[in-house]
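# Structure at a glance
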Amino acid sequence: MSQKIFAVGAGKGGVGKTFISSSLALTLAKMNHSVLIIDFDLAGANVHTNLGIEPHNSSIQSFLNNEAALVNLLQTTSLPRLSMVQGVWQEWEHSECSSDQGRRMIEEIRKLPFEYVIIDLGPGATPLNLEIFAQADEKILITNAEPTSVEKTYRFFEAWILNKISENSTPEAYLQLKNTVKEFRAQKKKGLFSFRKYLNINAGISFDHFDELLSQPLHLIVNGCRSHQDQDLGFGIKSVCNKYFDLQIDYLGHVDYDNAVWHSIINREPFLIAKPFTKLSAQFLSLAKSLIQSENHAIGYKDVV
Ligand SMILES: Nc1ncnc2c1ncn2[C@@H]1O[C@H](COP(=O)(O)OP(=O)(O)OP(=O)(O)O)[C@@H](O)[C@H]1O
Ligand SMILES: [Mg+2]
């Protein structure tokens, strides 16, 4: 059985990663797929709350402590075909997780019999989150329309590109690039740093990373939209990424703001179960369908001038 791993991250906290992860998991399960959702926000687990279930005693912490294999941490939920791995909710037990541990988790996931595995990440472009993004089959970035979120979304894109460049360049060339970005920021120049232009005029950094970045575009979802302007933000971000970073992203779609979301969380009933016939559930269906088909969406290599 082929399997797809979806990683869900964001530049900023509180933009709806967990709501989107849980709702996509529910939608895919409703579509008759076997789904696993892993709560991998190591600073505070929320998936169980969004799914309306009590936190389980065995959490991903046991895996991180080498006390349990991932397969032994699978929990069924009240929803058919949907399983979960409890996140770290005993925060006093919180331990650091290295990128190596992240890779080890992905290796164990690949052996599990699920069609779709959704990993709900904590906020920010941490080395661990970037590693999980790199390993996942589909990488999904969430933002909302607030300028603070949008700003951090761009920082995430930059970190993603820099991370990839660091793998493909000499340490000296990478340091030079990082210092140039810092100088650019210090001068408070208008606009974004053009990686494309920089790489074009500076030797020592290979262009190969663009090939890889283009073949696995990040998907963007704008959550909590209250207007058409909010919805269109995704197209604006896509165009900026293309123009300044030479990064092709896929604007997967938007999710509206709906007051009923927090009502459902307070009532401990997943939104899509409490409100199955709303605009939001149609939006999740469309997002899930696009994601499933997205293996055909890979953007071909385009010449970097
Ligand atoms: N589309 C929406 N409409 C209305 N409220 C929403 C929507 N999406 C998320 N929320 C609300 O925003 C809050 C934050 O959502 P969520 O916990 O999913 O964000 P997060 O990015 O996972 O946060 P964290 O960084 O803390 O993990 C939740 O309380 C939820 O009720
Ligand atoms: Mg969360």
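Residues numbered from 1 in each chain as written. Chains lettered and ligands numbered in written order. Predicted model: local features only at pLDDT ≥ 70, side-chain atom pairs only at ≥ 80, totals over all residues.

## Some remarks on helix 6 (residues 147–168)
Each turn of an α-helix holds 3.6 residues, which means side chains three or four residues apart point in the same direction. Over its 22 residues, helix 6 extends 32 Å from the first C-alpha to the last, a length consistent with the 32 Å expected when each residue adds 1.5 Å. Along helix 6, the residues classified as buried are Ser149, Lys152, Thr153, Phe156, Phe157, Glu158, Trp160, Ile161 and Ile165. (Helix = DSSP H or I, 4+ residues; strand = E, 2+ residues; numbered from the N terminus. Expected span 1.5 Å × (residues − 1). Buried ≥ 20, exposed ≤ 12 C-beta atoms within 10 Å, placed from the backbone.)

## Points about the sheet that holds strand 4 (residues 82–85)
Pairing between sheet strands relies on hydrogen bonds along the backbone, with the strands arranged either parallel or antiparallel. One open sheet accounts for eight strands, arranged 3-4-2-5-1-6-7-8; its pairing is mixed. Pairing within the sheet leaves two strands with one partner each, and these edge strands are strand 3 (75–76) and strand 8 (250–256). (Pairing = 2+ DSSP bridges.)

## A word on the site of ligand 1
Close contacts around ligand 1 come from 19 residues, with Gly13, Gly16, Lys17, Thr18 and Phe19 the closest. Elements that contribute at least two residues to the shell around ligand 1 include exactly helix 1 (17–30), strand 7 (219–225) and helix 11 (260–266). Split into classes, the residues belonging to the shell around ligand 1 amount to nine nonpolar, seven polar and three charged. (Near = placed C-beta within 6 Å. Nonpolar A, V, L, I, M, F, W, Y, C, P; charged D, E, K, R; others polar.)

## Section: the nonpolar core
Counting residues in each nonpolar core, the largest one holds 82 residues, and the members touching the most others are Ala7, Val35, Ile118 and Ile119. Here the element with the most residues in this core is helix 1; it accounts for seven residues. Two domains each provide a minimum of three residues to this core, namely domain 1 (1–136 + 258–290) and domain 2 (146–219 + 233–249). Here Val35 is in contact with Ala25, Leu28, Ala29, Arg81, Leu82, Phe114, Glu115, Tyr116 and Ile118, once residues within four sequence places are set aside. (Core = buried A, V, L, I, M, F, W, Y, C linked by C-beta atoms within 7 Å. Domains from an automatic or database assignment. Contact = placed C-beta atoms within 7 Å.)

## Examining the environment of Met31
Following the sequence through the fold, Met31 ends up in the loop between helix 1 and strand 2 (35–40). It is 9.5 Å that separates the C-alpha atoms of Met31 and Lys289, two residues lying 258 residues apart in sequence.

## Focus: helix 7 (residues 171–186)
The end-to-end C-alpha distance of helix 7, which contains 16 residues, comes to 22 Å, matching closely the 22 Å that a straight helix rising 1.5 Å per residue would cover. Taken from the residues just after helix 7, Lys188 is the one with a positive phi, measuring 50°.

## A short note on the pairing of strand 1 (residues 4–10)
Buried residues dominate strand 1, accounting for six of its seven residues. Relative to strand 5 (residues 116–121), strand 1 runs parallel, the two sharing five bridges. Bridge assignment links Phe6 to a residue of strand 5, and that residue is Ile118. Where strand 1 lies against strand 6 (residues 138–144), five bridges are found, and the strand directions are parallel. Counterpart to Phe6 in the pairing with strand 6 is Glu138.

## What about the environment of Pro55?
Position of Pro55 among the secondary structure elements: in the loop between helix 2 (47–51) and helix 3 (60–64). C-alpha separation for the pair Pro55 and Trp89, spaced 34 residues apart in sequence, amounts to 7.6 Å. Among residues more than four places away in sequence, those in contact with Pro55 are Ala45, His48, Gln86 and Trp89.

## Notes on unusual backbone geometry
Backbone geometry places Asn66, a non-glycine residue, at a positive phi of 60°. Among the structural elements, Asn66 can be located in the loop between helix 3 and strand 3.

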